[in-house]
Amino acid sequence: QVQLVESGGGLVQPGGSLRLSCAASGFTFSNYAMSWYRQAPGKERELVAFISIAGYVTNYADSVKGRFTISRDNAKSTVYLQMNSLKPEDTAVYYCNTSPARPGYWGQGTQVTVSS
């Protein structure tokens with residue numbers, strides 16, 4: 001059974017930092033590129049960051065470039081998202097999934113709220 005379990009979200013002030021984690025199980029994590037996605041209230045889910053299978057290639061949405069860093073640990077079947085200089089517009093539920101995303105793999109996500 002495939003499971004993606006996101007954690008690390010919370011309430012943070014503008015300019016603050018959070019580190020999200022996504023633990024994968026039920027599939028061969030090291031065979032898949034991974035991405036972080038987010039969905040803000042009233043908006044469609046969007047791709048935030050991408051990392052290749054071995055981690056050598058990363059890409060970011062323009063809105064987070066220079067502030068977010070994606071990484072992975074294939075030995076732990078975990079992908080991370082380091083988020084710095086957070087802005088109120090980063091408020092959303094954050095999800096990880098393969099890239100491209102597989103519909104049946106979505107987890108519950110982790111809520112990130114940026115507010116003073």
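Above: the structure in question.
Colleague: Is there a simple way to think about the pattern of salt bridges in this case?
Modeller: Pairs can form between side chains of opposite charge once their charged atoms are near each other. Counted by the stated rule, this structure contains 4 salt bridges. For D62, the salt bridge is made with K65, and the minimal N-O distance between the two is 3.1 Å. R67 is the partner of D90 in a salt bridge, and the nearest nitrogen-oxygen pair spans 2.7 Å. Taken together, the positions of D90 in the loop between β8 (78–83) and β9 (92–98) and R67 in the loop between β6 (58–60) and β7 (68–73) put the pair 23 residues apart, joining distant regions of the chain.

Colleague: Explain the sheet that holds β8 here, please?
Modeller: The strands making up a sheet associate through hydrogen bonds between their backbones, and the pairing can be parallel or antiparallel. Taken in spatial order, the 4 strands line up as β1-β3-β8-β7 in an open sheet, and their pairing is antiparallel. Looking at strand neighbours, the two that pair on one side only are β1 (3–7) and β7, the edges of this open sheet. For this sheet, the mean angle separating the axes of adjacent strands, direction not counted, is 15°. With 6 bridges joining them, β7 and β8 adopt antiparallel strand pairing. Following the sheet pairing, R72 is matched in β8 by V79.

What counts, and where the lines are drawn
- Residues numbered from 1 in each chain as written.
- Predicted model: local features only at pLDDT ≥ 70, side-chain atom pairs only at ≥ 80, totals over all residues.
- Heavy atoms only, no water.
- Salt bridge = Lys/Arg side-chain N within 4 Å of Asp/Glu carboxyl O.
- Helix = DSSP H or I, 4+ residues; strand = E, 2+ residues; numbered from the N terminus.
- Pairing = 2+ DSSP bridges.
- Axes fitted to C-alpha atoms, helices over the stretch in contact; angles between N-to-C directions.

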